[in-house]
Amino acid sequence: MKLSVVIPSHNEEGSIAQTVRSIQETLDTEGITDHEVVCVDDASADRTAEIIRGLAAADPRVRYVRSPYRNGFGFAVRAGLDVFEGDAVAIMMADLSDSPEDLVSYYRLLQAGYDCAFGSRFMAGGSTIDYPSTKLLVNRIVNLGIRVLFGHGYNDTTNAFKAYRREVIETVQPLLSHHFNLTVELPLKAVVRGHSYAITPITWRNRQTGVSKLKLQEMGSRYAFVVLMVFLEHHLSRGDYRRGASGATHRWRAGRPGARPAGSADALSATGQGEGGDADRE
């Protein structure tokens, strides 16, 4: 299973090289050599593009992509999703906030047969390092509201760092979000359209260089729009956009899984959980 990693990058000259190298070193160490890192330049005004081009020249598994859309996190991710070549794709941040070791856990879950791999910083085993207190409070309120609306048992929907099989990306089209609300649109559409998913604890750390691009005061109505759009689809479309009945729709709670072939008898043991068990609930 070839893995693509899409990294939207806007003015990340201080961290993009280390981000790419740490991802590649970890994947190679774990034997996941069939991968590509797609770095999407989101109208950077610093040396980000130059650095990515240098990384791409040194390793053909690194790709430089200039977003053809106007500036915006959602547009940059969509540009990467337009061109990735793998059987599965993960979205990671360029600021070293996401752990490459957690990316390996995602890969193992997809390899076990799940359609989506979701991480949670707020379940047992998950953690955050130096999370700004105001953002943390807003995060918990927003995620609680989403969890109540959709009843999916997942408490970190807004986190951008997730992974999907290629068919999921095809199923959730068209994507509409221009900004960070894409982090909500992608997983919610995947869930309501019938894709299976596993949830595993992850670690997040605050950036050490550069500045955050997320502006809370600008995103409230945009998050609300996407959540309500998918909520209405879920309850009013009568399943018009849901994938075939053959797809698993159960949710799963996972630890850090070992590799399992997709469709094997041991696939469920990759998470140590079965259908309807206590691990399906918070």
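Residues numbered from 1 in each chain as written. Predicted model: local features only at pLDDT ≥ 70, side-chain atom pairs only at ≥ 80, totals over all residues. Heavy atoms only, no water.

## Observations concerning the pattern of salt bridges
- Applying the stated criterion across every chain, the model contains twelve salt bridges.
- Residues Glu85 and Arg63 are paired through a salt bridge, measuring 3.8 Å at the closest nitrogen-oxygen approach. Here Glu85 is found in the loop between α3 (73-83) and β4 (88-91), whereas its partner Arg63 is found in strand β3 (residues 62-66), with 22 residues between them in sequence.
- Judged by relative accessible area, Arg63 falls into the partly exposed class, the value being 21%.
- Close ionic contact of Asp156 with Arg121 constitutes a salt bridge, the shortest N to O distance being 2.7 Å. Residue Asp156 is located in the loop between α5 (133-150) and β7 (162-165), and its partner Arg121 is located in the loop between β5 (116-120) and β6 (127-129); the two are separated by 35 residues in the primary sequence. A single burial state applies to Asp156 and to Arg121, both of which are buried. (Salt bridge = Lys/Arg side-chain N within 4 Å of Asp/Glu carboxyl O. Helix = DSSP H or I, 4+ residues; strand = E, 2+ residues; numbered from the N terminus. Buried < 20%, exposed > 50% of the residue type's maximum accessible area, 1.4 Å probe, protein only.)

## Section: the confidence of the model for the protein
- Averaged over every residue, the pLDDT of the protein is 87; residues scoring 70 or more account for 83%.
- Segment residues 258-282 is flagged for pLDDT under 50; beyond a separation of four residues in sequence, or across chains, it makes 47 contacts in the model. (pLDDT = per-residue confidence, 0-100. Contact = heavy atoms within 4.5 Å.)

## Notes on the pairing of strand β1 (residues 3-9)
- Along β1, seven of the seven residues are buried, which leaves the element largely enclosed by surrounding structure.
- By the alternation rule, side chains of β1 split into Leu3, Val5, Ile7 and Ser9 and Ser4, Val6 and Pro8, which are all buried.
- Examined bridge by bridge, β1 and strand β2 (residues 35-41) share seven bridges and lie parallel to one another. Bridge pairing links Ser9 to Asp41 in β2.
- Following the backbone out of β1, through helix α1 (residues 16-29) and into the adjacent parallel β2, one traces a crossover that is right-handed.
- Sheet topology note: the β1/β4 ladder contains four bridges and is parallel. Counterpart to Leu3 in the pairing with β4 is Ala88. (Pairing = 2+ DSSP bridges. Right-handed = clockwise from strand over helix to strand, strands pointing away.)

## Focus: α3
- The element α3 is extensively covered by neighbouring structure, given that nine of its eleven residues are classed as buried.
- For α3, the complete set of buried residues consists of Phe73, Gly74, Phe75, Ala76, Val77, Arg78, Ala79, Gly80 and Leu81.
- Taken together, the buried residues of α3 touch β1, β2, β4, α6 (166-171) and α7 (182-192).

## A closer look at the packing of α1 against helix α4 (residues 100-111)
- At a minimum axis distance of 9 Å, the contact between α1 and α4 shows a crossing angle of 50°. The orientation of α1 relative to α4 falls into the category oblique. In this structure, α1 meets α4 at a crossing whose hand is right-handed. Only Pro100, Glu101, Leu103 and Val104 of α4 make contact with α1, whose side of the interface consists of Ser22, Ile23, Thr26 and Leu27.
- Here the residues of the contact of α1 with α4 sort into five nonpolar, two polar and one charged. (Axes fitted to C-alpha atoms, helices over the stretch in contact; angles between N-to-C directions. Parallel < 35°, antiparallel > 145°, perpendicular 65-115°, else oblique. Left-handed = near helix turned anticlockwise from the far one by under 90°. Nonpolar A, V, L, I, M, F, W, Y, C, P; charged D, E, K, R; others polar.)

## Some thoughts on the nonpolar core
- Counting residues in each nonpolar core, the largest one holds 39 residues, and the members touching the most others are Leu81, Phe118, Tyr164 and Leu186.
- By residue number, the principal contributor to this core is α7, which donates seven residues. (Core = buried A, V, L, I, M, F, W, Y, C linked by side-chain atoms within 4.5 Å.)

## Some remarks on the packing of α1 against helix α2 (residues 48-58)
- Where α1 meets α2, the closest approach of the two axes is 9 Å, and the angle between their N-to-C directions is 30°. Classified by the angle their axes make, α1 and α2 are roughly parallel. Along this stretch, α1 crosses α2, giving a crossing that reads as right-handed. Residues Ile16, Ala17, Val20 and Arg21 of α1 lie in contact with α2, whose contacting residues are Ile51, Ile52 and Leu55.

## Here's the deal with the pairing of β7
- Side-chain alternation along β7 places Lys162 and Tyr164 on one buried face and Ala163 and Arg165 on a second face that is also buried.
- Pairing of β4 with β7 involves four bridges; the strand directions are antiparallel. Bridge assignment links Ala90 to a residue of β7, and that residue is Ala163.
- With three bridges connecting them, β5 and β7 associate as antiparallel partners. Directly across from Cys116, in β7, lies its bridge partner Tyr164.

## Things to note about the environment of Leu176
- For Leu176, the position within the fold is in the loop between α6 and α7.
- In the structure, Leu176 is positioned ten residues away from Leu186 in sequence and 9.8 Å away in space, judged by C-alpha atoms.
- Those residues in contact with Leu176, other than ones at most four positions away along the chain, are Arg78, Glu185 and Met229.

## Details of the packing of aromatic side chains
- The final tally for this structure, using the stated rule, is nine aromatic pairs.
- Centroid distance Tyr106 to Phe161: 4.5 Å. Interplanar angle 35°. Geometry classified as tilted. Of this pair, Tyr106 sits in helix α4 while Phe161 is found in the loop between α5 and β7, placing the two residues 55 residues apart along the sequence.
- Assessed through its relative accessible area of 0%, Phe161 is described here as buried.
- Three or more aromatic residues joined by ring pairs form one cluster here, namely Phe118, Tyr154, Tyr164 and Tyr197.
- The lysine or arginine in question, Arg78, covers the ring of Tyr69, its NZ or CZ lying 5.8 Å from the ring centre. (Phe/Tyr/Trp six-rings, centres within 6.5 Å; stacked < 30°, edge-to-face > 60°. Lys NZ or Arg CZ within 6 Å of the ring centre and 35° of its normal.)

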